[in-house]
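What follows is each chain in one-letter form.
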Amino acid sequence: MLIMSDAEKQIMHQSKSDQSRHGGTEAIPGLSIVIPVYNEEENIPEIYRRLKNVLEQVANDWEIIFVDDGSRDNSAGVIRQINVADPRVKIIGLSTNLGHQIALTAGLDHAEGKMVITMDADLQHPPELIPQLISRYQEGAEVVQGVKLVQKKRGWLKILAAFAFYSVICKILRIQIEPNTSDFRLLSRRVVLLLREMRERHRFLRGLIPWLGFKIARVEYEAPERFAGQPKYTLRKLASLALSGVVSFSSVPLRIFFYLGLVGAFLCVGYALFAIAAKIFWEAAPSGWASLIVVITFLGSFQLIAMGIQGEYLAKVYEEIKRRPLYIIAWKKGFSDD
């Protein structure tokens, strides 16, 4: 007897309606926009205005879901005011700041559209590109990924960090990640339902989505300057996100230090054999205690780094087995179960 998961049942239930998009004869189905928010009160009115102008032209049924990730400014108050005037704008208030990826997950868990677009609130993901995303979706792609070409006034440290991540780190992962991708993307209902089944705490959506294996199309765009406010993704947060991606999808770091340990062991054995031969044949022990101390310190440092990497993997396992909820909703507005 075949047993299906909840996600698979929902996918089968929807498969007939999804097939119509390949024919191109049916009106554009329901569309959800998911936007994480953290201290973005200056940007919210502008992104709502631009989104509304675009959505009213491309979709008959749409919703905008703002996820307030523990903002300390009046972001939630601004969204509440918009909701009073336009019930299609909804808001989820998380109990505390849990990070961009968790906020995106909360929005995906509540999105009801057959197409779901995720984007940031700083307007570096242009709403005017939504018609292009929808067009590629109607051509048959399950995921339409926004790919940045140019980002104006981007710090050279971030440029260097992005280059290091995509050109070096991604080579050791078991998935293929498009360089310069962002969290500006369109997801089919099928992909959203499958992501809801994946409840790992340390989330790296840029890796989880290609891991699913569905067809991915790309839309290139030039990222404009942030409309207002300060960037929320610092170098520290970017490094943490990159580390989560590596630990979640690859065990290569552990293997690297295993091989380094083997190399070190062979070198130590070779040095020991040399010392024994020198004592037997030349009746003199090799000199150079200073260099020996340097070698010991060097190997000790490698051991500490290896232990740190092992600890990172162990910490991720520890967080997962506690089975705590990914997020806690303090309040909601605009949903039927407020």
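Residues numbered from 1 in each chain as written. Predicted model: local features only at pLDDT ≥ 70, side-chain atom pairs only at ≥ 80, totals over all residues. Heavy atoms only, no water.

Enquirer: Mind showing me how you'd approach the overall build of the protein chain here?
Expert: Counting its secondary structure elements, the protein chain contains eleven helices and eight strands. Put simply, the protein chain has 338 residues, and 43% of those count as buried. For the protein chain, contacts bridging at least 24 residues in sequence account for 85% of all contacts bridging at least 6. Of the accessible surface of the protein chain, which amounts to about 18700 Å², a share of 60% is contributed by carbon and sulfur atoms. (Helix = DSSP H or I, 4+ residues; strand = E, 2+ residues; numbered from the N terminus. Buried < 20%, exposed > 50% of the residue type's maximum accessible area, 1.4 Å probe, protein only. Contact = heavy atoms within 4.5 Å. Areas by Shrake-Rupley, 256 points an atom, 1.4 Å probe, with all protein chains shown as cover.)

Enquirer: Before we go on, may I ask you to explain the environment of A217 in this structure?
Expert: Along the chain, A217 turns up in strand β7 (residues 216-223). For A217, a relative accessible area of 5% corresponds to the buried category. Here the alpha-carbon distance between A217 and L186, two residues 31 residues apart in the chain, equals 9.6 Å.

Enquirer: I would appreciate a short explanation of the packing of helix α2 (residues 44-58) against helix α5 (residues 130-138) in the present structure.
Expert: Axes are the key here: two packed helices are described by the angle between their axes and the distance separating the axes. With their axes 10 Å apart at the nearest point, α2 and α5 run at an angle of 35° to one another. Residue-level inspection shows L51, V54, L55 and V58 of α2 in contact with α5, the latter providing I130, P131 and I134. Among the residues forming the contact of α2 with α5, the class breakdown is seven nonpolar, no polar and no charged. (Axes fitted to C-alpha atoms, helices over the stretch in contact; angles between N-to-C directions. Nonpolar A, V, L, I, M, F, W, Y, C, P; charged D, E, K, R; others polar.)

Enquirer: Sorry if this is basic, but what is going on with the pairing of strand β4 (residues 115-118) here?
Expert: When a strand is regular, its side chains alternate between the sheet's two faces. Of the two faces of β4, the one lined by M115 and I117 and the one lined by V116 and T118 are each fully buried. Pairing analysis gives four bridges linking strand β1 (residues 31-37) to β4, with the strands arranged parallel. In the sheet register, V34 faces β4, and the bridge partner there is T118. Direction of pairing for β4 relative to strand β6 (residues 181-188): antiparallel, over a ladder of four bridges. Counterpart to V116 in the pairing with β6 is L187. (Pairing = 2+ DSSP bridges.)

Enquirer: Got a minute to help me understand the confidence of the model for the protein chain in this structure?
Expert: Scored by pLDDT, the protein chain has a mean of 81; 76% of the residues are at 70 or more. In this model, residues 14-28 is a region of pLDDT below 50 whose contacts with residues beyond four sequence positions or in other chains number 19 contacts. (pLDDT = per-residue confidence, 0-100.)

Enquirer: Can you help me understand the nonpolar core in this one?
Expert: Counting 39 residues, the largest nonpolar core has L31, I33, I35, I64 and I130 as the members making the most contacts within it. At seven residues, α2 tops the list of elements feeding residues into this core. Beyond its immediate chain neighbours, meaning those up to four positions away, I33 contacts L51, L55, E63, I64, I65, I117, M119 and I130. I102, L108, A111 and L187 belong to the second largest nonpolar core, which has 24 residues in total. (Core = buried A, V, L, I, M, F, W, Y, C linked by side-chain atoms within 4.5 Å.)

Enquirer: Is there a simple way to explain the packing of aromatic side chains in this structure?
Expert: Each pair of aromatic rings is reported with the distance of its centres and the angle of its planes. Enumeration over the complete set of coordinates arrives at one aromatic pair. Ring centres of F184 and Y221 lie 5.7 Å apart, and the angle between their planes is 90°; this geometry places the pair in the edge-to-face category. Of the two residues, F184 is situated in strand β6 and Y221 in strand β7; the sequence distance between them amounts to 37 residues. Classification of F184 as buried rests on a relative accessible area of 1%. Y221 gets classed as buried once you look at its relative accessible area, which sits at 4%. (Phe/Tyr/Trp six-rings, centres within 6.5 Å; stacked < 30°, edge-to-face > 60°.)

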